[in-house]
Amino acid sequence: MVEDSPILDVTLSVEAPPIVEEAPMMEVTPCAEYPSAEAAISEDPPTANEAAFVADEAQVLESAPWADAPAMFLAPARLLLAPPRLQAPPSADAPVIQISQVISALSFALDLTEGQPMGHAARACMLGMRLAKALGMTETEQHDLYYALLLKDAGCSSNASKMFHILGTDEIAAKGATKTLDWRNVGWGQVRYVLEHARPGRPMTERLRTIFDIALHRKQQTEQLIQIRCERGAQIAWRIGLSSDTSNAIYSLDEHWDGGGYPDGLRGAQIPAMARILNLAQTLEVFYTAHGPKAAMRVARQQSRTWFDPEMVRAARSLAKKGELWRGLDTEDVLAQVVAMEPKEGATPSSVEANEATLDNICEAFAEVIDAKSHYTYSHSVGVAQAAVGIARTMGMDADTITMIRRAALLHDLGKLSVPNSILEKPGKLTQPEWERVRKHPYYTHEILRRITGFEELAEIAASHHEKLNGAGYYRNLTGAQLSRPARVLMVADMFDALVADRPYRAAMPLEKVFRILRNETPHALDVACFEALVYWVERNAQKQAG
Ligand SMILES: [Fe+2]
Ligand SMILES: [Fe+2]
């Protein structure tokens with residue numbers, strides 16, 4: 001996707017960052033001339049999670065406290081080899097960052113992959129918290145519920161590829177449409193859905209085969225898709241270090257009151273109360289946003305005792321009558337409102353304010369969400385972070401900068417959650433509209449990350465990963481003077497990892513060819529010093545592995 005991207009003229013209404021003072025075009029530094037690199041590599045203290053990040057995976061696996069993890073959380077994902085870390089001391093001059101603000105902002109990325117308008121999870125959270133209060137949940141329960149509501153769709157990227165292969169179409173649009181359908185009954189809505197989303201534009205015989213296949217395996221496929229989503233969503237919450245009640249609520253999100261839901265067909269009070277709130281709150285939000293409050297309450301009433309707990313539907317109706325349920329849902333500052341709603345009474349400071357390790361855990365967990373979207377990118381964010389840290393350390397950058405670069409690398413493709421797998425996994429050439437969609441992903445990365453207080457610089461770095469020093473990159477056509485050193489590190493690391501990995505349209509390239517392509521991009525597009533540091537780091541790693 002990197003080397004053969006056509007340059008398209010997509011202009012987005014965004015502000016370019018200011019000119020960066022310390023950003024002259026770098027002089028060429030041959031990789032053999034990194035006298036301080038060895039010392040920088042060995043003497044810099046590791047950042048909060050870096051030690052575990054670069055550690056030998058087998059060693060981490062052996063020492064990881066997986067014995068404590070519920071069986072459903074054990075998955076073969078690469079990052080899951082590292083356990084959650086919550087005890088690292090905060091850096092002395094680090095700004096106070098609220099966990100609720102980070103998770104709320106990142107929930108916007110989950111909305112993108114679920115085919116919902118940005119702010120869906122945040123609005124569902126507002127509705128769910130009002131229901132929880134009305135139902136008399138304790139403060140501790142409300143705190144657990146709060147994060148379950150925000151992260152309810154954390155597993156959605158994991159079934160995106162499977163859904164794309166079943167339908168052969170834009171699975172994000174298809175996912176958005178499923179939220180308003182009852183898949184247990186076959187009616188005109190369900191038939192129309194299949195007709196609209198089953199391989200549109202393909203020959204009729206191919207479409208009919210798909211439609212027949214969906215009809216034949218509907219129950220089994222729905223079960224599998226929900227199972228993947230529930231398990232992965234629960235894993236992500238656990239990975240961040242949230243409570244088992246939070247994880248369990250996410251796991252049981254799609255259970256229905258009458259026992260007809262998934263993944264376990266739980267019935268009535270067998271379903272965790274938090275999961276019952278999640279299910280009702282998300283449905284209310286979807287119908288409220290699409291069709292207004294009356295339509296939302298109508299669905300709640302109609303599905304009371306089938307999908308929803310009748311007591312919770314009564315609570316929702318009562319709140320709506322008092323004018324409290326929908327308050328503030330249409331305002332611009334939904335993020336600020338949802339952050340203000342975090343239940344803090346009795347909460348420990350470490351469960352409200354993010355320390356360094358918590359931030360690392362969140363970034364790593366969301367890197368998993370991003371990488372899970374397609375098997376072609378299953379370890380891309382982690383690979384980019386590894387290369388970026390290698391370059392930054394080789395160049396002798398300080399520990400705080402390296403930490404920021406690593407987090408920016410882990411989150412740089414957050415906006416890719418807005419790109420359907422029908423594009424990400426397309427084996428052939430992309431059409432212009434498809435390219436425009438791809439080229440917009442750093443914009444979404446920026447839009448999401450810039451909302452987090454303390455992440456402003458990180459957002460700039462992450463959103464600049466497809467820029468070029470000569471202004472030929474995207475999405476803002478920044479030039480060298482606007483691209484900081486950390487941004488330049490990420491530009492090189494991203495391109496490197498993309499080239500050494502398999503892509504739908506080509507196999508992984510040998511290192512020699514990768515370096516040749518990257519060298520040809522210097523100095524006009526990529527920073528020479530960053531490139532040379534990459535070569536030094538890769539060669540040094542190869543030497544270490546060889547003996
Ligand atoms: Fe990207
Ligand atoms: Fe990338």
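Refer to the structure presented above.
Now for a look at the structure at hand.

The rules we used
Residues numbered from 1 in each chain as written. Chains lettered and ligands numbered in written order. Predicted model: local features only at pLDDT ≥ 70, side-chain atom pairs only at ≥ 80, totals over all residues. Helix = DSSP H or I, 4+ residues; strand = E, 2+ residues; numbered from the N terminus. Buried ≥ 20, exposed ≤ 12 C-beta atoms within 10 Å, placed from the backbone. Contact = placed C-beta atoms within 7 Å. Expected span 1.5 Å × (residues − 1). Core = buried A, V, L, I, M, F, W, Y, C linked by C-beta atoms within 7 Å. Domains from an automatic or database assignment. Axes fitted to C-alpha atoms, helices over the stretch in contact; angles between N-to-C directions. Parallel < 35°, antiparallel > 145°, perpendicular 65-115°, else oblique. Left-handed = near helix turned anticlockwise from the far one by under 90°. Nonpolar A, V, L, I, M, F, W, Y, C, P; charged D, E, K, R; others polar.

Okay, the overall build of the protein chain next. A count of helical and extended segments in the protein chain gives 26 helices and two strands. Of all 547 residues assigned to the protein chain, the portion counted as buried reaches 50%. Long-range pairs, those at least 24 residues apart, make up 75% of the contacts in the protein chain between residues at least 6 apart in sequence.

Over its 16 residues, helix α17 (residues 356-371) runs 22 Å from end to end, which matches the ideal 22 Å to within 8%, given 1.5 Å per residue. Most of α17 is tucked away: 16 of the 16 residues are buried.

The next thing to look at is the environment of Val538. Mapped onto the elements, Val538 comes out in helix α26 (residues 528-546). C-beta crowding within 10 Å serves as the criterion here: with 20 such atoms nearby, Val538 is assigned to the buried category. Residues Val538 and Leu511 lie 27 residues apart in sequence; the distance between their C-alpha atoms is 9.3 Å.

As a rule of thumb, soluble globular proteins bury nonpolar side chains together. Counting residues in hydrophobic clusters, the biggest one holds 132 residues, and the most contacted among them are Ala388, Ile391, Ile405, Val492 and Leu534. Looking at which domains feed residues into this core, each of domain 1 (54-80 + 354-546) and domain 2 (108-340) supplies at least three. Residues in contact with Ile391, not counting those within four places in the same chain, are Val489, Val492, Ala493, Cys530, Ala533, Leu534 and Trp537.

Now for the environment of Gly454. Structurally, Gly454 is set in the loop between α22 (441-449) and α23 (456-463). Note: C-alpha distance between Gly454 and Pro95 (359 residues apart in sequence) is 6.3 Å.

Next up on the list: the packing of helix α5 (residues 120-134) against helix α6 (residues 139-150). Between α5 and α6, the least distance of the axes is 8 Å, while the angle of their chain directions is 155°. Classified by the angle between their axes, α5 and α6 sit roughly antiparallel to one another. Handedness of the α5/α6 crossing: right-handed. For the pair formed by α5 and α6, the contact residues are Ala121, Ala124, Cys125, Gly128, Met129 and Ala132 on the first element and Gln142, Leu145, Tyr146, Leu149 and Leu150 on the second. Within the contact of α5 with α6, the residues separate by chemical class into nine nonpolar, two polar and no charged.

The next point concerns unusual backbone geometry. Cis geometry marks the peptide bond from Tyr262 to Pro263; its omega dihedral reads 5°. With respect to the secondary-structure elements, Pro263 resides in the loop between α11 (244-251) and α12 (273-291). With an omega dihedral of -5°, the bond running from Thr522 to Pro523 counts as a cis peptide bond. Here Pro523 shows up in the loop between α25 (511-520) and α26. In this model, Arg305 sits at a positive phi of 80°, which is unusual for a non-glycine residue. When you line up the elements, Arg305 lands in the loop between α13 (293-302) and α14 (310-321).

This next bit is on the environment of Val382. Tracing the backbone through its elements, the reader meets Val382 in helix α18 (residues 380-394). Note on Val382: 21 C-beta atoms within 10 Å, which makes it buried. With 14 residues separating them along the chain, Val382 and Glu368 place their C-alpha atoms 8.3 Å apart.

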